[in-house]
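Structural overview
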Amino acid sequence: MTAVRDHQDKAAFAALFAHFAPRIKGFLMKAGSDAGTAEDCAQDVMATVWRKAGQFDPTRASVATWIFTIARNRRIDIARRDRRPEPEDLPWGNEDEPDQADVYEAAQDNKRLAEALADLPEKQRLLVQRAFYGDLSHSEIAAETGLPLGTIKSRIRLALDRLRQKMT
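Below: a short report on this structure. (Residues numbered from 1 in each chain as written. Predicted model: local features only at pLDDT ≥ 70, side-chain atom pairs only at ≥ 80, totals over all residues. Heavy atoms only, no water.)

Below, the discussion takes up the overall build of the protein chain. The number of helices and strands found in the protein chain is 8 helices and 0 strands. Along the protein chain, from the amino end to the carboxyl end, the secondary structure elements read α-α-α-α-α-α-α-α. For 168 residues, the compact-globule estimate of 2.2 N^0.38 gives 15 Å, and the protein chain exceeds it by more than 25% at 34 Å. Here the protein chain holds 168 residues, and the buried ones make up 21% of them. Taking the contacts inside the protein chain whose residues are at least 6 apart along the sequence as the reference set, 58% of them involve residues at least 24 apart. (Helix = DSSP H or I, 4+ residues; strand = E, 2+ residues; numbered from the N terminus. Rg over C-alpha atoms; globule rule 2.2 N^0.38 Å. Buried < 20%, exposed > 50% of the residue type's maximum accessible area, 1.4 Å probe, protein only. Contact = heavy atoms within 4.5 Å.)

Have a look at this one:
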């Protein structure tokens, strides 16, 4: 390694490559990479070893430790790249403003719904609020309240019928 570092010795690098490339490939395959990816990564690691040989310091790490650290980091980089989702195609630019009549109608519907909810008997209103605003199933509401499941279903059904009548 020092010959590669100090003199860019191609014969010494060939010996390093012959020794470490198959070991790096095996290391990567044991870590879960397929053979093709491991081969490509091993070659990339050895190219990095050639380019960064000047950074090798034998007082800080052995040759094997230094090279396998590069391989480990490259494996992490590839895993991150492979797991990164493709960005969604987000529409940019001018979006049409909603029709003001639709906005006004939606606001009126919300107001009527709030009034209709307020007019429900308290027992029904509380169950509807838990089911829709609390996003709870009928079984979860029954567990929380201690009421029988059939009672929960009946009260919610009656409440929805009343809301439907007031909204039409």
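Continuing now.
Right, let's talk about the side chain of Gln-124 for a bit. In this structure, Gln-124 sits in helix α6 (residues 122–133). Ignoring anything within four residues of it in the chain, the contact list for Gln-124 reads Arg-155, Leu-158, Ala-159 and Arg-162.

An ideal rise of 1.5 Å per residue puts 27 Å on 19 residues; helix α8 (residues 149–167) measures up with 27 Å between its terminal C-alpha atoms. By the burial criterion, the buried members of α8 are Ile-152, Ile-156, Ala-159 and Leu-163. Angularly, the buried residues of α8 cover 65 degrees about the axis, an arc narrow enough to put them on a single face. Looking at the packing, one finds that the buried side of α8 touches α5 (100–119), α6 and α7 (138–145). (Expected span 1.5 Å × (residues − 1). Arc of directions from axis to C-beta.)

Glancing now at helix α2 (residues 10–30). An ideal rise of 1.5 Å per residue puts 30 Å on 21 residues; α2 measures up with 29 Å between its terminal C-alpha atoms. At Phe-20, α2 is bent by approximately 30 degrees, the largest bend along its length, and proline Pro-22 sits one to four residues beyond. Along α2, the residues that are buried comprise Phe-13, Leu-16, Phe-20, Ala-21, Ile-24 and Leu-28. The distance from a side-chain oxygen at the start of α2 to the backbone nitrogen of Ala-11 is 2.9 Å, and the residue carrying that oxygen is Asp-9. (Bend = angle between axes of the 7 residues up to and from the residue. Polar contact = N/O pair within 3.5 Å; in protein donor to acceptor, adjacent residues only side chain to side chain.)

This part is about the packing of aromatic side chains. In this description, an aromatic ring pair is defined by two values, namely the gap between the centres and the angle between the planes. Tallying each qualifying case throughout the model produces 5 aromatic pairs. Taken together through their ring pairs, the aromatic side chains of Phe-13, Phe-17 and Trp-50 make up a single cluster. (Phe/Tyr/Trp six-rings, centres within 6.5 Å; stacked < 30°, edge-to-face > 60°.)

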